[in-house]
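# Observations on the model geometry
Listed here are the chains, written in short residue letters.
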Amino acid sequence: MIRLTRGRAVSPRRQPLFFRLLVLVAALLTGVLGIYCYAGTYGINVLLRRGTSVWLPIAADDQRISPAMRLALSEPAPAARAGQLEWRSVARGFEVAELPVIAAGSVVDQILLARIDPARYRFQVHNAPAGNREPADWLKALGAVLVINGSYFSRYGRPTTPVISHGQSLGPSNYDAQHGGFVANATSAAVVDLAREDWHQVFAGATHAMVSYPLLLAADGTRRAKGDRRWLANRSFVGQDGAGRVVLGTTRDGFFSLERFAAFLQRAPIGLRIALNLDGGPVACQGISIGDFHRDFCGKWETDVQDGQLRLLAPLIGRRRWGLPIVLAVSSKELP
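In this report, we go over the structure that sits alongside the text. Computed from a prediction, not measured in an experiment: that's the story for all the values here.

Cut-offs and rules
Residues numbered from 1 in each chain as written. Predicted model: local features only at pLDDT ≥ 70, side-chain atom pairs only at ≥ 80, totals over all residues. Heavy atoms only, no water. Helix = DSSP H or I, 4+ residues; strand = E, 2+ residues; numbered from the N terminus. Contact = heavy atoms within 4.5 Å. Areas by Shrake-Rupley, 256 points an atom, 1.4 Å probe, with all protein chains shown as cover. Salt bridge = Lys/Arg side-chain N within 4 Å of Asp/Glu carboxyl O. Buried < 20%, exposed > 50% of the residue type's maximum accessible area, 1.4 Å probe, protein only. Phe/Tyr/Trp six-rings, centres within 6.5 Å; stacked < 30°, edge-to-face > 60°. Lys NZ or Arg CZ within 6 Å of the ring centre and 35° of its normal. Pairing = 2+ DSSP bridges. Axes fitted to C-alpha atoms, helices over the stretch in contact; angles between N-to-C directions. Arc of directions from axis to C-beta. Polar contact = N/O pair within 3.5 Å; in protein donor to acceptor, adjacent residues only side chain to side chain.

### Some details on the overall build of the chain
- Along the chain, the regular secondary structure elements total five helices and 23 strands.
- Within the chain, contacts between residues separated by at least 24 positions form 70% of all contacts whose residues are at least 6 apart in sequence.
- For the chain, the exposed surface amounts to about 16,400 Å²; the carbon and sulfur share of it is 54%.

And the structure:
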């Protein structure tokens, strides 16, 4: 039997399929709305564009982690030393290098480095809460020559530490900063130890700034990086050498815990006077486009420990890069 509905013939056999599709669409819309309420546009981008990530239980010798990470998780973790470092000038006041990390007789990691004269380049901190930009997107949008991921962010893609961008304060106004910050204006850029200084006063007058942690290397030679030795990840940092040049670095692999990373940087032939850790894991990214030199890298490794169980942060769907809600960008002042 065929009955009429609003002037159209509808077969009873098609009604169950129609209603199932209707229920599915309603469930999807409800899910998307729930994600938006929980994490805003950043959450939508993570789910629909990035495939999201989940924590998976693993063993220290799990084949799903890199050989470098399996080596770092052995007892005891092998000591690491720096390989040969050769700086290459790609523009006036802008040098790049790749520093090998050697352990157990072989290269286990590499640090992608840039060394920049702040007299010739400006430094800016930017926040895009939607998290829809990768390094190449940021470079194009800003007309920058370098971008590196910044400090930590919330599930809404907004800073969880104090940040100043174009003179505007972002992130929390009440914050106990015990480690370090990066501060820049039109004429200077510096990494600052905040252990004995009020960040409000340090940031006063800054055009761009951000608090991050831990301070990997202090000017007095001490290190403040602690944590479980099994917390491994791709790492990024911003530092300064004895000549006042800003040094930026990102590791290719997840060999380092924070404490071992700090110890390595202190011994490495980079000449760092002070170094501040930035966010790590899949958001440890660095992009460069200057002259004929190009670099486009994002990490993919992070482990942690919960209730004694070692876990790996792994993509749930696909292998899309994470978006970068916070970046430190470098652009030329175009001096003669």
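### Quick word on the pattern of salt bridges
- All chains considered together, the criterion is met by 13 salt bridges.
- Close ionic contact of Glu 75 with Arg 229 constitutes a salt bridge, the shortest N to O distance being 3.2 Å. You can see Glu 75 sitting in the loop between helix 2 (67-72) and strand 4 (80-82) and its partner Arg 229 sitting in the loop between strand 15 (215-217) and strand 16 (236-241), a full 154 residues away along the chain.
- With a closest N to O distance of 2.8 Å, Asp 241 and Arg 245 form a salt bridge.
- Since its relative accessible area comes to 26%, Arg 245 is described here as partly exposed.
- Among the charged side chains, a salt-bridge network with shared partners connects Glu 95, Arg 115, Asp 241 and Arg 245.

### So, the packing of aromatic side chains
- With the rule as written, the count across this model stands at eight aromatic pairs.
- Both rings, one in Phe 255 and one in Phe 256, keep their centres 5.2 Å apart while their planes meet at 75 degrees; by these two values the pair is edge-to-face. Side by side, Phe 255 and Phe 256 carry an identical accessibility label, which is buried.
- Taken together, Phe 237, Phe 255, Phe 256, Phe 261 and Phe 264 form an aromatic cluster joined through their ring pairs.
- Over the ring of Trp 231 we find Arg 235, and its NZ or CZ is 5.0 Å from the ring centre.

### Thoughts on the pairing of strand 12 (residues 180-184)
- Most of strand 12 is tucked away: five of the five residues are buried.
- Here strand 12 shows a buried face lined by Gly 180, Phe 182 and Ala 184 and a second buried face lined by Gly 181 and Val 183.
- Looking at chain direction, strand 12 and strand 13 (residues 189-193) are connected through five bridges and run antiparallel. Each residue of the ladder has a partner; that of Gly 181, found in strand 13, is Val 192.
- Two elements, strand 12 and strand 14 (residues 208-212), share five bridges in a ladder whose sense is antiparallel. Note on strand 14: the bridge partner recorded for Gly 180 is Ser 212.

### What to know about the environment of Leu 217
- Structurally, Leu 217 is set in strand 15.
- Classification of Leu 217 by relative accessible area gives buried; the value is 4%.
- Residues Leu 217 and Arg 273, 56 residues apart in the sequence, show an inter-C-alpha distance of 7.3 Å.

### A look at the environment of Arg 133
- The residue Arg 133 is located in the loop between strand 8 (121-127) and helix 3 (135-142) in this model.
- You can call Arg 133 partly exposed: its relative accessible area is 29%.
- Considering only alpha carbons, one finds Arg 133 and Arg 321, 188 residues apart in sequence, at a separation of 9.7 Å.

### Considering the sheet that holds strand 20 (residues 293-298)
- Sheet architecture is open: five strands sit in the order 8-23-9-19-20, paired in antiparallel fashion. Looking at strand neighbours, the two that pair on one side only are strand 8 and strand 20, the edges of this open sheet. Within the sheet, the average angular offset between the axes of one strand and its neighbour, ignoring direction, is 15 degrees.
- Note that strand 9 (residues 146-149) and strand 23 (residues 326-332) share four bridges and pair antiparallel. Bridged to Asn 149 within strand 23 is Val 327.
- Where helix 3 meets the sheet, it contacts strand 8, strand 9, strand 19 (285-290), strand 20 and strand 23, and its direction lies at approximately 45 degrees from that of strand 19.

### Some points on helix 3
- Along helix 3, the residues that are buried comprise Pro 135, Trp 138 and Leu 139. The buried residues of helix 3 occupy an angular sector of 100 degrees when the element is viewed end-on, so they sit on one face.
- In this structure, the buried residues of helix 3 make contact with strand 8, strand 9, strand 19, strand 20 and strand 23.
- Within two residues after helix 3, Gly 143 carries a phi angle of roughly 65 degrees, on the positive side.

### A look at the side chain of Gln 240
- Here Gln 240 shows up in strand 16.
- Looking at Gln 240, the relative accessible area reads 6%, which means it is buried.
- At 3.1 Å, the side chain of Gln 240 forms a polar contact with the backbone nitrogen of Val 191.
- Sequence-distant contacts of Gln 240, defined by excluding residues within four places in its chain, comprise Ala 189, Ala 190, Val 191, Arg 245, Val 246, Gly 271, Leu 272, Arg 273 and Ile 274.

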